[in-house]
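What follows is the residue order along each chain.
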Number of protein chains: 2
Amino acid sequence: MVSAMRYRLRAGLTATAVAGFLLLASAANAQVADPLPSWNEGPAKQAITSFVARVVQPGPDYVAPADRIAVFDNDGTLWAEQPVYFQAFFAIDRAKGLVARDPKLAALAAVKAAADDDLQALSALGEHGIAELVALTHSGMTPEAFIAEARRWLASARHPRLDRLFTDLTYQPQLELLGFLRANGFKTFIVSGGGIDFVRAFSESAYGIPPEQVIGSSSKTRFELEGGAARLIKLAEIGAIDDREGKPVNINLHIGRRPVLAVGNSDGDLAMLQYTASGQGPRLMVLIHHDDAEREYAYDRNSRVGRLDAALDEAEERGWTVVSIKRDWRVVFRAN
Amino acid sequence: MVSAMRYRLRAGLTATAVAGFLLLASAANAQVADPLPSWNEGPAKQAITSFVARVVQPGPDYVAPADRIAVFDNDGTLWAEQPVYFQAFFAIDRAKGLVARDPKLAALAAVKAAADDDLQALSALGEHGIAELVALTHSGMTPEAFIAEARRWLASARHPRLDRLFTDLTYQPQLELLGFLRANGFKTFIVSGGGIDFVRAFSESAYGIPPEQVIGSSSKTRFELEGGAARLIKLAEIGAIDDREGKPVNINLHIGRRPVLAVGNSDGDLAMLQYTASGQGPRLMVLIHHDDAEREYAYDRNSRVGRLDAALDEAEERGWTVVSIKRDWRVVFRAN
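This structure is a prediction, so every number in the text was calculated from the model and none was measured. (Residues numbered from 1 in each chain as written. Chains lettered and ligands numbered in written order. Predicted model: local features only at pLDDT ≥ 70, side-chain atom pairs only at ≥ 80, totals over all residues. Heavy atoms only, no water.)

Quick look at the overall build of chain A
Within chain A, the secondary structure is distributed over 14 helices and 7 strands. In terms of its C-alpha atoms, chain A occupies a principal-axis envelope of roughly 80 × 55 × 40 Å. By the burial criterion, 51% of the 336 residues in chain A qualify as buried. Sequence-distant contacts in chain A: of pairs separated by 6 or more residues, those separated by 24 or more amount to 66%. For chain A, the accessible surface area stands at approximately 15,000 Å², while carbon and sulfur atoms represent 56% of it. If the 37 positive side-chain charges of chain A are averaged to one point and the 41 negative ones to another, these points end up 7 Å apart. (Helix = DSSP H or I, 4+ residues; strand = E, 2+ residues; numbered from the N terminus. Buried < 20%, exposed > 50% of the residue type's maximum accessible area, 1.4 Å probe, protein only. Contact = heavy atoms within 4.5 Å. Areas by Shrake-Rupley, 256 points an atom, 1.4 Å probe, with all protein chains shown as cover. Lys, Arg positive; Asp, Glu negative; His and termini not counted. Charge placed at Lys NZ, Arg CZ, Asp CG, Glu CD.)

Description of the environment of Arg101(B)
The residue Arg101(B) is located in helix 3 (residues 86-101) in this model. For the pair Arg101(B) and Phe90(B), spaced 11 residues apart in sequence, the C-alpha separation works out to 17 Å.

Brief notes about the relation of the copies chain A and chain B
Structural alignment of chain A on chain B gives an RMSD of 0.0 Å, achieved by rotating through 180° and translating 0.0 Å along the axis. Expressed as a symmetry operation, the mapping of one chain copy onto the other fits a two-fold axis. Mapped onto chain B, 100% of the interface residues of chain A again fall at the interface, so both copies present the same surface. (Least-squares fit on C-alpha atoms with pLDDT ≥ 70 in both.)

So, the pattern of salt bridges
If the charged atoms of two oppositely charged side chains come close together, the side chains can form a pair. Evaluated as defined, the whole model comprises 52 salt bridges over all chains. We note a salt bridge from Glu314(B) to Arg318(B), for which the minimum N-O separation is 2.7 Å. Taken together, the positions of Glu314(B) and Arg318(B), both in helix 13 (residues 310-318) and 4 residues apart, correspond to about one turn of that helix. For Arg318(B), a relative accessible area of 33% corresponds to the partly exposed category. One salt-bridge network, in which partners are shared between bridges, spans Asp67(A), Lys187(A), Arg257(A), Glu204(B) and Glu212(B). (Salt bridge = Lys/Arg side-chain N within 4 Å of Asp/Glu carboxyl O.)

Overview of the side chain of His290(B)
All names here are of chain B. Looking at where histidine 290 falls in the secondary structure, it is placed in the loop between strand 6 (284-289) and helix 13. Since its relative accessible area comes to 2%, histidine 290 is described here as buried. Within the structure, histidine 290 has its side chain in polar contact with the backbone oxygen of glycine 76 (distance 2.7 Å). A distance of 2.8 Å separates the side chain of histidine 290 from the side chain of glutamate 296, its partner in a polar contact. Excluding its chain neighbours within four sequence positions, the residues that come into contact with histidine 290 are Gly76, Tyr171, Asn265, Glu296, Tyr297, Ala298, Tyr299 and Ile325. (Polar contact = N/O pair within 3.5 Å; in protein donor to acceptor, adjacent residues only side chain to side chain.)

Remarks on the interface of chain A and chain B
The parts lose accessible area when they come together, and the size of an interface is often stated as this lost area. Each partner contributes residues to the interface: chain A has 43 residues there, and chain B has 43 residues. Regarding the contact of chain A and chain B, the summed buried area is about 3,400 Å², with carbon and sulfur atoms giving 53% of it. Contact with chain B buries area across many residues of chain A, yet Glu212(A), Phe223(A) and Leu253(A) alone supply 17% of it, more than any other trio. Here Glu144(A) and Arg258(B) are joined by a salt bridge, their closest N and O atoms 3.3 Å apart. Elements supplying a minimum of two residues to the side of chain A that touches chain B: helix 1 (2-32), helix 7 (143-154), strand 2 (187-195), helix 9 (196-200), strand 3 (214-226), strand 4 (229-240), helix 11 (246-254) and helix 12 (270-277) of chain A. Considering every element that reaches the side of chain A that touches chain B, the biggest residue donor is helix 1 of chain A, with 6 residues. (Buried area = accessible area lost by both parts, 1.4 Å probe.)

A word on the sheet that holds strand 3 of chain A
Residue and element names in this part refer to chain A. The mixed open sheet is built from 7 strands, whose spatial order is 4-3-2-1-5-6-7. This sheet does not close on itself; its edge strands, each paired only once, are strand 4 and strand 7 (321-324). Across the sheet, the axes of successive neighbouring strands diverge by a mean angle of 30°, strand direction being ignored. When strand 5 (residues 261-264) meets strand 6 (residues 284-289), the two strands line up parallel, connected through 4 bridges. In the strand pairing of strand 6, leucine 261 is matched with leucine 284. Sitting on the sheet, helix 11 is in contact with strand 1 (69-72), strand 2, strand 3 and strand 4, with an inclination near 130° to strand 2. (Pairing = 2+ DSSP bridges. Axes fitted to C-alpha atoms, helices over the stretch in contact; angles between N-to-C directions.)

Topic: the domain arrangement of chain A
Residues and elements named next belong to chain A. Domain annotation for chain A reports domain 1 (39-82 + 170-328) and domain 2 (86-154). The C-alpha centroid of domain 2 is placed 26 Å from the C-alpha centroid of domain 1. Facing 18 residues of domain 1, the contacting portion of domain 2 comprises 17 residues. Of all residues in domain 1, Phe198, Ala201 and Lys234 give up the largest surface area on contact with domain 2, accounting jointly for 43% of the area buried on that side. Joining domain 1 to domain 2, the criterion identifies 0 salt bridges. (Domains from an automatic or database assignment.)

Some words on the sheet that holds strand 6 of chain B
Residues and elements named next belong to chain B. Judged by pairing direction, the sheet is mixed, and its 7 strands sit side by side in the order 4-3-2-1-5-6-7 without closing on themselves. In this open sheet, the two edge strands, each paired with only one partner strand, are strand 4 (229-240) and strand 7 (321-324). On average, each strand axis in the sheet is tilted by 30° relative to the strand beside it, whichever way the strands run. Strand direction decides the pairing type here: strand 1 (residues 69-72) and strand 2 (residues 187-195), joined by 4 bridges, are parallel. Considered in strand 2, the bridge of alanine 70 is made with threonine 188.

Some remarks on the environment of Asp168(B)
All names here are of chain B. With respect to the helices and strands, aspartate 168 occurs in the loop between helix 7 (143-154) and helix 8 (172-183). What makes aspartate 168 buried here is its relative accessible area of 15%. With 106 residues separating them in the primary sequence, aspartate 168 and glutamine 274 have C-alpha atoms 31 Å apart. Ignoring anything within four residues of it in the chain, the contact list for aspartate 168 reads Phe333, Arg334 and Asn336.

In structure tokens form, the structure reads like this:
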């Protein structure tokens, strides 16, 4: 018995040693290949790779794997957001479908604007109009049914100018960054101003981020029980707005620890970046600057969608990493 | 170049094959040992192990790892909850400390009852009184400071009858169950009626469950910025009550998919069990029945704390697994 145990122990140690060697060998191999091939060499790429190297290696800046929390905004950070948030295109298409079935709904100004494809009229209605549109088009069904509907739409709807599926407008350099972070023990989260269920419809297939690592704006839901079958129904009542100060609030609620790395692209991400920057130990704050009108869009301080103004000033003051799409990204959109 | 690549490919395949063999060998070893040694043989243990075997093996009941979501209530399910929820002991001790510094606070009936150790008077004040006590004792500080305070308390406060640290009143059979599930690719979550920050203070060290996999009742927080330093402050305003219908609502908000396995012990967990049971495919619903007055406590239909009545009826009707602590658990509390 004892000698059998000793034998097993010895065999176990050998096995561990061999497995360890194989891991080291594959790590050495991985270092040969550039983990961020779509990032041009330059200060942004350098800031990212040196930060990751510092926190994973033993030393004063080491961060335990459990604390390697990385948060990413979605619209304008992981995929494009012009001329309007893609979720607005979805809401507009849903509104058209609803009006086709029930023309009386066009009495609502926001629904009429959406059904007429009148983005000007819609944006003139302001936040209230958008809220009305989202409330109508995103409620009265289970989250599962909503997600199935969003997936059907994403499978065929195309961007008006770039003429691609919306999920093909995810950023290739960011897909590489997400993978690079995960390969280095980071847990990657989305913290989006967009609807949590809408983002969950594609986060796993597009980014490898499971639904439990998606935080977003949300509507309330109601629990229903019918003949023993339980389900939730999405209500036309706002639960959380995950934008600006709402981002750190929801990071604390959902994650319960401060991120060490945060990536955003607009003033809506500033509070999240400040919150990340204020933690103890090494931190990396990154802003994506949309300055490439040719390959994508160029916008910042005066944009209605994704305005980047106060956050750009603060990034410059505090030495946060600003990524120029034009200069830092060899390609913009995901490889098909 | 090509031949070097071929060589690396071949070496990689060999490495993968060796690593695979080692994994298989260690899996075979693990199967020899009972993963649930503190569970007596019987229908409950059998239901758990056969469910796990069915969902991880190829076949009609296979569940992909990403969907292996297991949710556990905390009070009465992962640790004891009598004579009152342990968080109430914490709130009482905090109230005493606050009154010692500011005697005027004793003007609040709930605070006076707490400071006098008068559980009768406190419970006579009902939910409103408890809410008042929690609001006072759990607000006005950052979540980090609150968690540090809860950890200091947990390090020394002892249970009045069982005379152990509260974290030593976690259930050994459940610690084994959590580990067994994780070893089989499940992601384990806590879904507690208790405060999310309070549970996060010990979930990782006691259960191996990181804060981002803890869902609970919560207060609202406010984002503050002072000289560039960002922080959150816990407010005396309720954000979410994670009990009864609130449990499936928060599971959807935080996790975004329906669990395949749910464990609870009271009517407060019934909606979570119904929600789990109503999903597609194989499911396991488990209720812990406290029937061991000698080793722990015996209570169910008439208990003020952790009442188990409607859920017990439904479990019997629907064939859910009911665990008898007396019969099914060889030991109750964690080994020290």
